[in-house]
Amino acid sequence: MDKRLTIAIDGYSSSGKSTFAKEIAKELGYIYIDSGAMYRAATLYFIRKGLVTRDMADIQGIADAMKEISIEFAYNQDSGEYETYLNSENVEKEIRGPDVSAHVSAISKISEVRTQLVELQKQTGTDRGIVMDGRDIGTTVFPDADLKIFMTASADIRAKRRYDELKSKGFDASLEEIRNNIIARDITDENRDISPLRRADDAVVLDNSRMTIAGQMEWVRKLIEEKLNDS
Ligand code: DC
């Protein structure tokens, strides 16, 4: 049987991880899993339950509520994309909105949340032929991944990308607010105690500030080729 790889893509918010990861998965015929969507779906559930408060005091309530959550992805023929389901409800649009974005970093610091979601992510990767993006995929979820990429781009460029994405989805947005949210999320993601955002020692860095998706694909094809030819 053909060799199939596990590819881990980590990096900063709005660094273009998901566009890149989806494109790689499409080209190789692999599964794509957006681990950030899992943290977003869990956050939405807690917001709806009134568990997201200024001081995030009810950690036990959040830990208990984790047991009520099931998260799945299903392919939408019309959009050609995988969409996120929370307890069988399609929440793809809602989890990308500003409310969830404002609280997801705080939720993803909670160990009970991470343990359960990391376990779910590991299970989806038991068969190779997967591209997963997130913050701790190369360090925690798949430390033995065949190929690890760590993505970055300047804060201004990331803010502009996120702004365009939100506008195209019909959300009202301010570029300044988005830039501040991105910088705040970088700080929270890099400084949390459990699985902070950091480059795995064996990850290759990709700064795509001035690269097109076609340029990024050209760059990654060489790496994939090498890994597929490794015995
Ligand atoms: O990739 P994203 O912006 O959709 O991720 C949303 C948040 O989830 C981000 O602020 C950090 C968190 N996250 C995480 O802690 N670990 C992951 N593997 C993926 C996302």
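Placed above this text is the structure.
By convention here, each chain's residues receive numbers from 1 onward along its written sequence. Where local features are concerned, this predicted model is filtered to residues with pLDDT of at least 70; where side-chain atom pairs are given and counted, the filter is 80 or more; whole-chain, interface and lining totals use all residues. For the side-chain quantities, the full set of heavy atoms in the structure was used; hydrogens and water were omitted.

Caption draft 1: Representation of the sheet that holds strand S4 (residues 81-86) within the structure. Read across the sheet, 3 strands follow the order S3-S4-S5 without closing on themselves; strand pairing throughout is antiparallel. Each of the sheet's edge strands pairs with one partner strand only, and the pair in question is strand S3 (71-76) and strand S5 (89-90). Taken together, the 2 bridges between S4 and S5 define a ladder with antiparallel strand orientation. Bridged to Tyr-85 within S5 is Asn-90. Pairs of strands are assigned from DSSP output, requiring at least two bridges between the strands. Helix numbers and strand numbers start at the N terminus; a helix is a DSSP run of H or I with at least 4 residues, a strand a run of E with at least 2.

Caption draft 2: Main features of the pairing of strand S6 (residues 130-134). Within S6, 5 of the 5 residues are buried, which leaves the element mostly enclosed by the surrounding structure. A simple rule labels every residue: compare its accessible area, found with a 1.4 Å probe on the protein chains alone, to the largest value its type can have, and call it buried under 20%, exposed over 50%, or partly exposed in between. Along S6, one buried face is formed by Ile-130, Met-132 and Gly-134 and the opposite face, lined by Val-131 and Asp-133, is buried too. Bridge count between strand S1 (residues 6-11) and S6: 5 bridges; the pairing is parallel. Each residue of the ladder has a partner; that of Thr-6, found in S6, is Ile-130. Pairing analysis gives 4 bridges linking strand S2 (residues 31-34) to S6, with the strands arranged parallel. Paired with Ile-31 across the two strands is Ile-130, which belongs to S6.

Caption draft 3: Main features of the packing of helix H3 (residues 59-66) against helix H5 (residues 111-124). Axes, fitted as lines to C-alpha atoms, cover a helix only where it is in contact. Angles between the N-to-C directions of the axes lie from 0 to 180 degrees. One can describe the packing of H3 onto H5 by two numbers: an axis separation of 9 Å at closest approach and a directional angle of 20 degrees. The angle between H3 and H5 falls in the class roughly parallel. Relative to H5, the crossing made by H3 is left-handed. Contacts between H3 and H5 pair Ile-59, Ile-62, Ala-63 and Met-66 from the former with Glu-112, Val-113, Gln-116 and Leu-117 from the latter. Note on residue categories: nonpolar means Ala, Val, Leu, Ile, Met, Phe, Trp, Tyr, Cys or Pro, charged means Asp, Glu, Lys or Arg, and polar means any other residue, Gly included. Partitioning the contact of H3 with H5 into residue classes produces 6 nonpolar, 1 polar and 1 charged. Each angle receives one of four descriptions, namely roughly parallel if under 35 degrees, roughly antiparallel if over 145, roughly perpendicular if within 65 to 115, and oblique otherwise. By convention, the crossing between two helices is left-handed when the near helix turns anticlockwise from the far helix through less than a right angle, and right-handed when the turn is clockwise. Should any heavy atoms of two residues lie within 4.5 Å, those residues are counted as being in contact.

Caption draft 4: Geometry of the site of the ligand. One heavy atom suffices: a residue is near a molecule or strand as soon as one of its heavy atoms comes within 4 Å of it. Near the ligand you find 15 residues, and of these Arg-40, Arg-114, Arg-135, Asp-136 and Arg-192 are the closest. Per-residue accessibility takes into account occlusion by the displayed protein chains alone, with areas from the Shrake-Rupley method and a 1.4 Å probe. When the ligand is considered free in solution it has 450 Å² of accessible area, and contact with the protein chains removes 94% of it. Secondary-structure elements contributing two or more residues to the shell around the ligand are helix H2 (35-48), helix H4 (98-107) and helix H8 (175-191). Here the shell around the ligand gets 4 residues from one element, more than from any other, and that element is H2. In terms of residue class, the shell around the ligand is built from 3 nonpolar, 5 polar and 7 charged.

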